[in-house]
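Overview (structure and organization)
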Amino acid sequence: MPKKKFTGIGPDYQQHTIEQGENTEQEQKLVKKVLISAYEKNISSRLKAELCSLDVNNYNYTKDASTRNNIKSEQWCTSWWHQFKVLVLRGLRERRFVAFNRLRIFQVISVAILGGLLWWRTPKSHIEDRIAMLFFFTVFWGFYPLYNAVFTFPQERTMLIKERSSGMYRLSSYFLARTVGDLPLELALPTAFTFIIYWMGGLKPNPVTFILSLLVVLYDVLVAQSLGLAIGAILMDVKQATTLASVTTLVFLIAGGYYIQQIPPFIVWFKYLSFSYYCYKLLLGVQYNEDDYYECANGVYCRVADFPAIKSVGLNNLWIDVSIMALMLVGYRIVAYLALQRVQ
């Protein structure tokens, strides 16, 4: 008969210990349930409301993030206007160093000075050179901001997806904040560029004419930037976007009305898609009138409107050109906004 091992603890005591352990576990579970219930009833809703009112980055969570776009009613912790203001201030702080870095300032100012020296005090009789200067305005400030804008949304894609998925702000507030915040940053350098080369080049020395020319150049910058934003938002890939932007700018450059004056009839409609064509025409219309004359030979004066490069473009219906560029400005940005809605 085997011997039982002596432990010094009676069977009654062991049974009591087991029952006490089971009671302790049950009590812990019961206490846990009571605490969770009390938290959800008394603290949870009030704490969320306080955090939501104190921090603009907090939000109302949804259980399934993948279906957030299918939710009909979204609750935001802050108003649209507050989100807009915060995003504008954040954008200005982040991008002011990029927009006004030394390399970019040197690039624009040096081109302006060199261009002013090359076109230094161009006489009125040298109408070809003066027209070339105006087209240079169109080309430089049509394509420079376009290429810069192409990188905007592809570079911010990761941040946009992360912040949008967490419900930090509305897409409309982000897009308009980006649009408004870019205005002072994107228009400062074109203003300095135009001021330098306009007066060095000897264009029409009239303050009103200068202001109108400056407004046309800034208008060109905004339209070009809108097209760049649309291309970047649609493709969301830097390489693809830059490739498409290169093709587009080259085609718009050729169809801008300066290089080719007699476009074949079957493709003449293509120039009306080019914002460079409208900007070039507006600059010509600001500088010249149909009744202006220039010295085409010694002692011989010809009408400016009859000069081939100007005659092919025309100097009439300038307000129609302004309206078409306005449609491009708004249309390209609407396309960019709609393209951003599919980014997830």
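Analysis parameters
Residues numbered from 1 in each chain as written. Predicted model: local features only at pLDDT ≥ 70, side-chain atom pairs only at ≥ 80, totals over all residues. Heavy atoms only, no water. Helix = DSSP H or I, 4+ residues; strand = E, 2+ residues; numbered from the N terminus. Expected span 1.5 Å × (residues − 1). Buried < 20%, exposed > 50% of the residue type's maximum accessible area, 1.4 Å probe, protein only. Polar contact = N/O pair within 3.5 Å; in protein donor to acceptor, adjacent residues only side chain to side chain. Salt bridge = Lys/Arg side-chain N within 4 Å of Asp/Glu carboxyl O. Phe/Tyr/Trp six-rings, centres within 6.5 Å; stacked < 30°, edge-to-face > 60°. Lys NZ or Arg CZ within 6 Å of the ring centre and 35° of its normal.

1. A few points about helix 3 (residues 102-118)
- Taking 1.5 Å per residue, 17 residues should reach 24 Å; helix 3 reaches 24 Å between its end C-alpha atoms and fits that length.
- Those residues of helix 3 lying buried are Arg-104, Val-108, Ser-110, Ala-112, Gly-115 and Gly-116.
- By the N-cap criterion, in which a side-chain oxygen at the helix start approaches the backbone nitrogen of a residue two or three places on, helix 3 is capped by Asn-101, the distance to Leu-103 being 3.2 Å.

2. Section: the pattern of salt bridges
- The tally for this structure, following the rule as stated, stands at eight salt bridges.
- Residues Glu-94 and Arg-90 are paired through a salt bridge, measuring 4.0 Å at the closest nitrogen-oxygen approach. Of this pair, Glu-94 and Arg-90 both sit in helix 2 (residues 80-99), four residues apart, which is roughly one turn of the helix.
- Take Glu-94: its relative accessible area is 43%, and that puts it in the partly exposed class.
- Here Arg-90 makes a salt bridge to Glu-163, at a shortest N to O gap of 3.0 Å.

3. Side note on the packing of aromatic side chains
- Evaluation of the coordinates by the stated rule reveals 30 aromatic pairs.
- Where Phe-135 meets Tyr-259, the ring centres are 5.6 Å apart and the plane angle is 90 degrees; that geometry is what we call edge-to-face. Separated by 124 residues along the polypeptide, Phe-135 in helix 4 (residues 127-150) and Tyr-259 in the loop between helix 9 (238-254) and helix 10 (275-287) bring together distant segments of the chain.
- Taking relative accessible area as the criterion, Phe-135 reaches 3% and is therefore assigned buried.
- Residue Tyr-259 is classed as exposed on the basis of its relative accessible area, which comes to 52%.
- Summarising the aromatic geometry, the rings of Phe-140 and Phe-193 are spaced 5.0 Å apart at their centres and angled 5 degrees between planes, so their arrangement reads as stacked. Residue Phe-140 is located in helix 4, and its partner Phe-193 is located in helix 7 (residues 171-201); the two are separated by 53 residues in the primary sequence. Here Phe-140 matches Phe-193 in class, with each residue buried.
- Through pairs of rings, three or more aromatic residues link up here, namely Trp-119, Phe-136, Phe-137, Phe-140, Trp-141, Tyr-144 and Phe-193.
- Directly above the aromatic system of Trp-120 lies the positively charged group of Arg-121, at a separation of 5.4 Å from the ring centroid.

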